[in-house]
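Chain and residue survey
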Amino acid sequence: MLRFAIVALVTLGLVLVTALGLHPANATVSNPEFYAWNFASVGSSELVCKKTVVVPQNQIVPSSMQAVSITSAIVDEKFCANSTKPVN
């Protein structure tokens, strides 16, 4: 019983030292960018490499969702070199 109490106190001490002594990292979140093969436009059969950027928006929406702005642009094929190009 005494051993259990000592282990519990040491564990509690470690948790408190860790929680109070360490500061969170000052990390920044960049906007995610994705490169993928996609059609050039709606109704087109031409496959191009597109860069898609997802940017969070500060808008009021239901709590289970987050508003985002999605933009895409055609870029050089070298950015999609590591992904498999789909067959038309």
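Cut-offs applied
Residues numbered from 1 in each chain as written. Predicted model: local features only at pLDDT ≥ 70, side-chain atom pairs only at ≥ 80, totals over all residues. Heavy atoms only, no water. Pairing = 2+ DSSP bridges. Helix = DSSP H or I, 4+ residues; strand = E, 2+ residues; numbered from the N terminus. Axes fitted to C-alpha atoms, helices over the stretch in contact; angles between N-to-C directions. Salt bridge = Lys/Arg side-chain N within 4 Å of Asp/Glu carboxyl O. Buried < 20%, exposed > 50% of the residue type's maximum accessible area, 1.4 Å probe, protein only. Disulfide = S-S within 2.5 Å.

**Some points on the sheet that holds strand β3 (residues 68-75)**
If you trace the three strands from one edge of the open sheet to the other, you get β1-β2-β3, paired in antiparallel fashion. Only two strands of the sheet have a single partner each, and these edge strands are β1 (33-39) and β3. Taken pair by pair, the neighbouring strands of this sheet meet at an average axis angle of 35°, ignoring direction. Looking at chain direction, β1 and strand β2 (residues 47-56) are connected through seven bridges and run antiparallel. The residue of β2 that forms the bridge with A36 is K50.

**A short note on the pattern of salt bridges**
Inspection of the entire model under this criterion finds one salt bridge. In this structure, the salt-bridge partner of E33 is K51, at a minimum N-O distance of 3.6 Å. Pair noted here: E33 is in strand β1 and K51 is in strand β2, with a separation of 18 residues, a long-range link. Residue classification places K51 among the partly exposed positions, given a relative accessible area of 25%.

**Details of the state of the cysteines**
Considering all chains together, one arrives at one disulfide under this definition. The disulfide partner of C49 is C80, and the gap between their sulfur atoms is 2.0 Å. Between C49 and C80, the S-S torsion sits near 80°, and that sign places the bridge as right-handed. Of the two residues, C49 sits in strand β2 while C80 sits in the segment after β3, which places them 31 residues apart along the sequence. The same class applies to C49 and to C80, which are both buried.

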